[in-house]
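# Structure assessment
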Amino acid sequence: MTSYDNDDDESGRTHLGPIPDAATSVQGARRPALVSLRGELLAASIPLERDEVTLGRALEADVRVNDSRASRLHARIKAERDPSGELQFKIKDLGSTNGTLVNGKLLTETTLHEGDKIAIGDHLFRFDMLDDIDREFQQQIHRLLAHDELTGLLTSKSFFSELRREAGRAEAESLPFCVLMMDLDHFKAVNDTYGHLVGSQTLGAIGAVIKKALRVGDVAARFGGEEFAAFLLDADYAQGLVAAERVRSAVAAHDFPIVRQDSTGDQTHHITISVGVASFPDDAVDPIHLVELADAALYRAKRSGRNRICAYRPSIAATEGPLPPRRR
């Protein structure tokens, strides 16, 4: 058995023994991946687990690149053996309009080497061989960039990336979905009355309340300050209103703790939320326009007295039904 004890010689220097074999095995096998350096998936590592992986804007692409300068099926990465039997990865442009760049050069087909940079439209990827530690590190970085630190919800940038991606899928499959825009009522009074520490704690708790009120698979985000958003896949107008009411009532009923140095006992406070709802395709088909319409409905709810939900086009949301579980 290999010894890796630290020994001191007569001079007082410490000699480190060889690293134990077990330490290297923790890293696991190195596997091919694309690491996003620029674009919607920033810092994400995308495993290349199939013999062939296509990149493009289309729904059927293995790696969807939400970029107007990317073709529907833009490029393909294929794993194959060279004459010596060693595994190599080749990238081939699939006749894209704007071409595929590898290390800044426009190429039709080439063999990828570790560290090569692939540009598709405005998106940039690095081809890497990652072990378990590398993959975990990249996942943590992506998670930190994509999620709001205080609430654990998506950032607004990540929300719009997911929204554009799922809107394309909904349009292709003729599925409805709803966007919710939400804003806490009189949140400034919480900061003024209890202090900014309690205000921050309240925002953090709001994230958990919203997430619990929505279905598994629905996407929620913090837009900044006390404004939040969500989109519900495979949900029509009436079902979106049911979800919005679930969020509104959950927030209104929640006991938010007051934790500060001069507080005694289990003190709590309450706050309410207003919600605006817009629906695809009833109100708009462009996802950004849909957010704007939901925001307009939100401010109508604010002007109507707060602590309420409002549809952008109330006449369409005439009947309510149960909210179905998201398809898997």
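Just so you know, these numbers come straight off a predicted model, no measurement behind them.

## Considerations on the confidence of the model for the chain
Interpretation of the predicted coordinates at a detailed level should be avoided for regions scoring low in pLDDT. Within the chain, residue pLDDT values average 85, and 85% of them lie at 70 or more. Long-range and interchain partners of residues 14-26, a stretch whose pLDDT sits below 50, account for 16 contacts in this model, where long-range means more than four residues apart.

## Thoughts on helix 7 (residues 287-303)
For an α-helix, 3.6 residues make a turn, and residues three or four places apart therefore share a direction. Compared with the 24 Å implied by 1.5 Å per residue over 17 residues, the 25 Å span of helix 7 between its first and last C-alpha is a close match. Every buried residue belonging to helix 7 is among Pro287, Leu290, Val291, Leu293, Ala294, Ala297, Leu298, Ala301 and Lys302, and all of these are buried. Contacts made by the buried residues of helix 7 are with helix 3 (156-173), strand 14 (177-184), strand 15 (219-224), strand 16 (227-233), strand 19 (273-280) and strand 20 (309-311). Residue aspartate 286 occupies the N-cap position of helix 7, its side-chain oxygen lying 3.2 Å from the main-chain nitrogen of isoleucine 288. Within two residues after helix 7, glycine 305 carries a phi angle of roughly 125°, on the positive side.

## Notes on helix 4 (residues 187-194)
Three or more residues of helix 4 are buried, namely Phe187, Val190 and Asn191. Viewed end-on, helix 4 has its buried residues packed into an arc of 95°, placing them on one side of the element. Within helix 4, the exposed residues directed more than 90 degrees away from the buried face are Lys188 and Asp192. Here the buried face of helix 4 lies against strand 14, helix 5 (196-213) and strand 18 (268-269).

Rules and cut-offs
- Numbering of residues starts from 1 in each chain and follows the order in which that chain's sequence is written.
- In view of the model being predicted, local features appear only for residues whose pLDDT reaches at least 70, and side-chain atom pairs are presented and counted only at 80 or more, with totals across whole chains, interfaces and linings using the full set of residues.
- Side-chain numbers here rest on the full set of heavy atoms in the structure, without hydrogens or water.
- Residue-level confidence of the predictor, termed pLDDT, takes values from 0 up to 100.
- Residue contacts are defined here by distance: any two heavy atoms, one from each residue, within 4.5 Å place the two residues in contact.
- Only DSSP runs of H or I covering at least 4 residues are called helices, and only runs of E covering at least 2 are called strands; the numbering of each starts at the N terminus.
- What a helix is expected to span follows from its residue count: subtract one and scale by 1.5 Å.
- The rule is simple: take the accessible area with a 1.4 Å probe, protein chains only, and divide by the maximum for that residue type; under 20% is buried, over 50% is exposed, in between is partly exposed.
- Contacts described as polar in this section are N or O atom pairs within 3.5 Å, which, within protein, must combine one atom able to donate a hydrogen with one able to accept it, while residues neighboring in sequence count only if both atoms come from side chains.
- Comment: arc refers to directions from the helix axis out to C-beta atoms.

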